[in-house]
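Notes for the structure review
The residues making up each chain are set out below.
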Amino acid sequence: MAFDMNTAREWLTWSFSPTIGAMLFTLLLSLSLPIIFHLFLYRQRAAVVVPSFILLGPSGAGKTTLVTLFERGTPTATHTSQAPQTVACTLPTGITAESHKYRASDDPSTKKERRIEVTDTPGHGKLRQHAYDAITATPSLKGLIFVVDAAALSSPQGLSEAASYLHDILLVLQKRHTGAKSSKGPAGIPVLIAANKLDLFTALPAQLVKKRLEDEITKIRSTRAKGL
């Protein structure tokens, strides 16, 4: 014990002595400790969860074209989807996530956390189960984008198909919330209605798209409530 105390006393005396070796040792220690501490905290940090969004809508509405626009920056010619596909995207320059609005613009962590995942789902009636499954199985789901063909909504058949699908999506979200195991329940999922193909001559304006979908969903609710 005496040897240990003497050794410790000698080390302390040497470390505070005005020698080149002591000063270099102190400088090295002062520089290395913050680096070691930073590496320890970085490894202990929880993994960043990438926000996820799901594209839904009737077949032919333009969902796959939209997801290629998100991924590549330019839309490309597509074909009817037969299976869901998930792509990694980055928020465009100038758009900041709500959680980062108080961070500095040159913060390097914001670049990594500008990534999102977008899942394109088939719109055919027989393949829509993929969309329902994606809603319930995506833990980091932040929102739904329901894409409609604004020109197709001008016909009764197109309006009925889009409104019926949207009504079913809202029911899935309702069951997701009410069927939660905890009393708090999952966070609400916002739904954005994207009116596509507005450049076509027969396309309905955005406000009329909203009004017709609301009216048609009201009719669907009433009809299903009566069991017709």
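Cut-off values and rules
Residues numbered from 1 in each chain as written. Predicted model: local features only at pLDDT ≥ 70, side-chain atom pairs only at ≥ 80, totals over all residues. Heavy atoms only, no water. Helix = DSSP H or I, 4+ residues; strand = E, 2+ residues; numbered from the N terminus. Buried < 20%, exposed > 50% of the residue type's maximum accessible area, 1.4 Å probe, protein only. Contact = heavy atoms within 4.5 Å. Pairing = 2+ DSSP bridges. Arc of directions from axis to C-beta. Axes fitted to C-alpha atoms, helices over the stretch in contact; angles between N-to-C directions. Parallel < 35°, antiparallel > 145°, perpendicular 65-115°, else oblique. Left-handed = near helix turned anticlockwise from the far one by under 90°. Nonpolar A, V, L, I, M, F, W, Y, C, P; charged D, E, K, R; others polar.

Secondary structure summary: the chain contains seven helices and five strands in total. In the chain, the succession of helices and strands from N to C terminus is α-α-β-α-β-α-β-α-β-α-β-α. Within the chain, buried positions represent 30% of all 228 residues. Put simply, 74% of the contacts in the chain that link residues at least 6 apart link residues at least 24 apart.

Time to look at the pairing of strand 1 (residues 52-56). With four of five residues buried, strand 1 lies mostly within the body of the structure. The pairing of strand 1 with strand 3 (residues 115-120) spans four bridges and is classified as parallel. The residue bridging phenylalanine 53 from the neighbouring strand is valine 118, located in strand 3. In the sheet, strand 1 pairs with strand 4 (residues 141-149) via five bridges, with the strands oriented parallel. Within the sheet, the bridge partner assigned to leucine 55 lies in strand 4 and is isoleucine 145.

Another point: the environment of leucine 192. Turning to its location among the elements, leucine 192 is positioned in strand 5 (residues 191-196). Separated by 46 residues in sequence, leucine 192 and phenylalanine 146 place their C-alpha atoms 6.0 Å apart. Beyond its immediate stretch of four places on either side in the chain, leucine 192 contacts Leu144, Ile145 and Phe146.

Turning our eyes to something else, we now look at helix 3 (residues 63-72). When helix 3 is considered as a whole, its buried residues turn out to be Lys63, Thr64, Val67 and Thr68. One face of helix 3 carries all of its buried residues, which in axial projection span an arc of 135 degrees. Glycine 73 lies just past helix 3 and shows a positive phi near 90 degrees.

Running from amino to carboxyl end, helix 5 (residues 129-137) crosses helix 6 (residues 156-178) at an angle of 25 degrees, the nearest separation of the two axes being 10 Å. With respect to helix 6, the element helix 5 is oriented roughly parallel. At the point where helix 5 passes helix 6, the crossing takes the right-handed sense. For the pair helix 5 and helix 6, the contacting residues are Ala131, Tyr132, Ile135 and Thr136 in the first and Tyr165, Asp168, Ile169, Val172, Leu173 and Arg176 in the second. For the contact of helix 5 with helix 6, a count of residues per class yields seven nonpolar, one polar and two charged.

Glancing now at the sheet that holds strand 2 (residues 85-90). Read from one edge to the other, the open sheet built from five strands follows the order 2-3-1-4-5, with strand pairing classed as mixed. Strand pairing shows two members of the sheet lacking a second neighbour, strand 2 and strand 5, which therefore form its edges. Between one strand and the next, the sheet's axes are offset by a mean angle of 25 degrees, whatever the strand orientation. Docked against the sheet, helix 3 engages strand 1, strand 2, strand 3 and strand 4, running at close to 35 degrees with respect to strand 2. Sheet strands in contact with helix 6 are strand 1, strand 4 and strand 5, and its direction is about 170 degrees off that of strand 4.

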